[in-house]
Amino acid sequence: MNAPLALLLCAAAGILLLAAAVFTIAASTAPRGITSGPAVDVARGLFASMMLLLLVLVVALAWGIGTGWR
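Residues numbered from 1 in each chain as written. Predicted model: local features only at pLDDT ≥ 70, side-chain atom pairs only at ≥ 80, totals over all residues. Heavy atoms only, no water.

Please clarify how helix α2 (residues 38–67) should be interpreted in this entry.
It helps to recall that an α-helix has 3.6 residues per turn; residues three or four apart then point in one direction. Between its first and last C-alpha atoms α2 spans 43 Å; for 30 residues at 1.5 Å apiece the expected length is 44 Å, and the two agree. Buried residues of α2: Val 40, Ala 43, Met 50, Leu 57, Ala 60 and Gly 64, and no others. The inward-facing, buried residues of α2 contact α1 (3–29). (Helix = DSSP H or I, 4+ residues; strand = E, 2+ residues; numbered from the N terminus. Expected span 1.5 Å × (residues − 1). Buried < 20%, exposed > 50% of the residue type's maximum accessible area, 1.4 Å probe, protein only. Contact = heavy atoms within 4.5 Å.)

Take a look at the structure:
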């Protein structure tokens, strides 16, 4: 397996895990009307991490396309 593909797969897996974590926090806080506090802060941090991994995914995709996936 080449480096761009490995980075792409790891970033995609991380995004899926973070999305599941954010969804779980949202599902547990929304019914109780919690709009601020530690749980919401954690969800915001996880969402920011997910956006950073999305940037890594785009860079890996560009790297792979630029090198012909070698």
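Where do I start with the nonpolar core in this structure?
What tends to happen in soluble globular proteins is that the nonpolar side chains get buried as a cluster. If you look at the biggest cluster of nonpolar residues, it comprises seven residues: Leu 8, Ala 11, Ile 15, Leu 18, Met 50, Leu 57 and Ala 60. Elements that contribute at least two residues to this core include exactly α1 and α2. Looking at this core, the element that brings in the most residues is α1, giving four residues. When sequence neighbours within four positions are dropped, the list of residues in contact with Leu 57 reads Leu 8, Ala 11, Ala 12 and Ile 15. (Core = buried A, V, L, I, M, F, W, Y, C linked by side-chain atoms within 4.5 Å.)

When you look at the environment of Leu 52 in this model, what are you seeing that I'm missing?
Relative to the assigned elements, Leu 52 resides in helix α2. Sequence spacing of Leu 52 and Ala 11 is 41 residues, and the spatial spacing of their C-alpha atoms is 9.4 Å.

Even after reading the chapter, I still don't get unusual backbone geometry, so can you show me in this structure?
With the exception of glycine, the majority of residues adopt a negative phi angle, and the majority of peptide bonds are in the trans configuration. Positive phi values are uncommon outside glycine, yet Trp 69 reaches one of about 60°. The topology assignment puts Trp 69 in the segment after α2. You can call Trp 69 partly exposed: its relative accessible area is 33%.

Can you walk me through the side chain of Thr 29 in this structure?
For Thr 29, the position within the fold is in helix α1. Among all residues touching Thr 29, those that are not within four sequence positions of it are Ile 34 and Ala 39.

That is the geometry; function is a separate question.
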